[in-house]
Amino acid sequence: MDKKVVILIWIMVLMAICPTGAYSIYVQVVSPENEPVANVTVKAVNGTTIIATGTTNETGWVELDVPNGTVVLVVDYNTTTDIIEFVTVTSAPNETFVLNMTTMPYVKIYSTPIKVNVTIIEENTKSEFVYVANETTIFTTSELNYTFPANVSQFPYRYSLKEIKYDGSSTTEQYVVLKPTTPTEIVASYERTWWITITTEQLIIVLLTSVLIILLLLAVAKAGAKVIYQRRKYWR
């Protein structure tokens, strides 16, 4: 057999065993009212890379070209609600995924007494998404990490994370890992303190220093007024 033919056969076998190309998958988005959702953006994400993006048609379907493996499907449903779903894409032709918000649980994210940015992490793909607490609802059946900032400064105050309550539990950690099966709320509570905190001794020193400065300024002003009076008296 010709050597070139043998090489070509081996290449074809390897391609069949180890496919590396992109595959077309079809994703449908269904609203909480069980209606197809048209004109929403669907992204396939892995890590920091957006692999594919598209817009749903009038029947809620969109075609995306993605490699086989694991990706996160993200749907920008509206300004306060998204879908984040971890899926595995195989080499099966015309593979379909239906993201039905009617049957999917959701997670509402809150923080009090201030709004903070929350980082949502899908651990398998290391994909990260940032949302604003009190303005975010995530529909998902996937296990996600919800990480809150430990400290937030808003002059003249400083806010420190006290605890996170979720699904009947609480933690003092900075994050919770949750795979919801029913509608769930995550509430992060922050303690407010002054942006600059000082001890009683430091406060006394500041007050005494302020008093001394005021007395010094008064003395200088008095001395200056006396000099001006004497000069006026002299020139008369």
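Shown above is the structure to which this text applies.
**Here we look at the overall build of the protein chain**
Across its full length, the protein chain holds 2 helices and 17 strands. In the protein chain, which comprises 236 residues, the proportion classed as buried is 33%. The contacts of the protein chain with a sequence gap of at least 6 include a subset with a gap of at least 24, amounting to 61%. When the accessible area of the protein chain is evaluated, it comes to approximately 15,000 Å², of which 58% is carbon and sulfur surface.

**Quick notes on the packing of aromatic side chains**
Per the stated rule, a full pass over the model turns up 3 aromatic pairs. With 5.3 Å between their ring centres and 50 degrees between their planes, Tyr 106 and Phe 139 make a pair best called tilted. Here the residue Tyr 106 occupies a position in strand 8 (residues 106-112), and Phe 139 occupies one in strand 11 (residues 136-139), the gap between them amounting to 33 residues. Each ring, one from Tyr 157 and one from Trp 194, has its centre 5.1 Å from the other, and the planes form 35 degrees; the classification is tilted. Separated by 37 residues along the polypeptide, Tyr 157 in strand 14 (residues 157-166) and Trp 194 in strand 17 (residues 184-194) bring together distant segments of the chain. Members of the aromatic cluster, each reached through a chain of ring pairs, are Tyr 157, Tyr 159 and Trp 194. Above the face of the Tyr 157 ring, Arg 192 is positioned so that its terminal group lies 4.1 Å from the ring centre.

**Observations regarding the nonpolar core**
In summary, soluble globular proteins display a tendency toward joint burial of nonpolar side chains. Within the largest apolar cluster, 27 residues are counted, with the highest numbers of intra-cluster contacts made by Ile 84, Ile 109, Val 116, Ile 120, Tyr 146, Phe 148 and Ile 186. Secondary-structure elements contributing two or more residues to this core are strand 5 (69-76), strand 8, strand 9 (117-122), strand 10 (127-132), strand 12 (144-147), strand 14, strand 16 (175-178) and strand 17. Sorting elements by how many residues they give to this core places strand 14 first, with 4 residues. Those residues within four positions of Tyr 146 in sequence are excluded, and the remaining contacts are Val 107, Ile 109, Val 118, Thr 119, Ile 120, Thr 140, Gln 174, Tyr 175, Val 176, Leu 178 and Ile 186. Counting 22 residues, the second-largest nonpolar core is a separate cluster that includes Ile 25, Val 29, Val 71 and Phe 97.

**Regarding the pattern of salt bridges**
Applying the stated criterion to the full structure yields 4 salt bridges. A salt bridge links Asp 76 to Lys 43, with the nearest nitrogen and oxygen atoms 3.8 Å apart. Note that Asp 76 is positioned in strand 5 and Lys 43 in strand 2 (residues 41-46), a separation of 33 residues in sequence. When its relative accessible area of 29% is taken as the criterion, Asp 76 is described as partly exposed. With its nearest N and O atoms 3.5 Å apart, the salt bridge here joins Glu 123 to Lys 126. Under the relative-accessibility criterion, Lys 126 is labelled exposed at 53%.

**A few points about the pairing of strand 2**
Note: strand 2 against strand 3 (residues 49-55), 6 bridges, orientation antiparallel. If you follow Asn 46 over to strand 3, its bridge partner there is Thr 49. Connecting strand 2 to the next strand, strand 3, in antiparallel fashion are 2 residues, including Gly 47 with a positive phi near 65 degrees. With 5 bridges joining them, strand 2 and strand 5 adopt antiparallel strand pairing. Looking at the pairing, Val 42 lines up with Val 75 of strand 5.

Rules of the game
Residues numbered from 1 in each chain as written. Predicted model: local features only at pLDDT ≥ 70, side-chain atom pairs only at ≥ 80, totals over all residues. Heavy atoms only, no water. Helix = DSSP H or I, 4+ residues; strand = E, 2+ residues; numbered from the N terminus. Buried < 20%, exposed > 50% of the residue type's maximum accessible area, 1.4 Å probe, protein only. Contact = heavy atoms within 4.5 Å. Areas by Shrake-Rupley, 256 points an atom, 1.4 Å probe, with all protein chains shown as cover. Phe/Tyr/Trp six-rings, centres within 6.5 Å; stacked < 30°, edge-to-face > 60°. Lys NZ or Arg CZ within 6 Å of the ring centre and 35° of its normal. Core = buried A, V, L, I, M, F, W, Y, C linked by side-chain atoms within 4.5 Å. Salt bridge = Lys/Arg side-chain N within 4 Å of Asp/Glu carboxyl O. Pairing = 2+ DSSP bridges.

Note that every value here comes from positions in space, so none of it alone points to a role or purpose.
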